[in-house]
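Spelled out from the first residue to the last, the chains are:
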Amino acid sequence: MGPAAKVNTYKLVNGTLSGDDIMIGAEKDGLGNPINGERQWASGQYNLVILYKNTTFNMNTFKSIPITILYE
C-alpha cells in the first residue's frame, strides 16, 4: 500500500460529515492511575503509530507519523 497523505476519523452520520479529535497523551493510564513524575510525557521526538484492521478483507496495515512534543 502507498503512503497515506493524511489521517482522519471522518464518517458520514445522518448526512453530515464529522470526525473525532486525535488526542496525544493522557492524564491517566489505562488502569486509571495518574500519569505524572517520571511517567509523564517529556519534550522530544515520538512516533504516532496508527494501526488499521480491515476484517472484511482480512488485511492489516499501519502508518507511523513522527511528531515533536515541546513543553515550555
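Reading the values: the criteria
Residues numbered from 1 in each chain as written. Predicted model: local features only at pLDDT ≥ 70, side-chain atom pairs only at ≥ 80, totals over all residues. Heavy atoms only, no water. Helix = DSSP H or I, 4+ residues; strand = E, 2+ residues; numbered from the N terminus. Buried < 20%, exposed > 50% of the residue type's maximum accessible area, 1.4 Å probe, protein only. Patch = residues over 30% accessible without salt bridge, like charges linked within 9 Å, V, L, I, M, F, W, Y side chains within 5 Å. Areas by Shrake-Rupley, 256 points an atom, 1.4 Å probe, with all protein chains shown as cover. Salt bridge = Lys/Arg side-chain N within 4 Å of Asp/Glu carboxyl O.

## Some points on the overall build of the chain
Link 1 in the chain: In terms of regular secondary structure, the chain is built from zero helices and four strands.
Link 2 in the chain: Secondary structure elements of the chain occur, N-terminal to C-terminal, as β-β-β-β.
Link 3 in the chain: Taken over 72 residues, the chain has a buried fraction of 4%.

## A few points about a nonpolar patch on the surface
Link 1 in the chain: On the surface, Y10, L12 and L17 cluster together to form a nonpolar patch covering roughly 390 Å² of accessible area.
Link 2 in the chain: Assignment of secondary structure puts Y10 in the segment before β1 (11–13).
Link 3 in the chain: For Y10, a relative accessible area of 53% corresponds to the exposed category.

## Points about unusual backbone geometry
Link 1 in the chain: Unlike most non-glycine residues, N14 shows phi in positive territory, near 50 degrees.
Link 2 in the chain: Along the chain, the position of N14 falls in the loop between β1 and β2 (16–18).
Link 3 in the chain: Judged by its relative accessible area of 78%, N14 falls in the exposed class.
Link 4 in the chain: With a phi close to 50 degrees, N58 is a non-glycine residue in the positive phi region.
Link 5 in the chain: Counting through the fold element by element, N58 comes out in the loop between β3 (44–54) and β4 (59–69).

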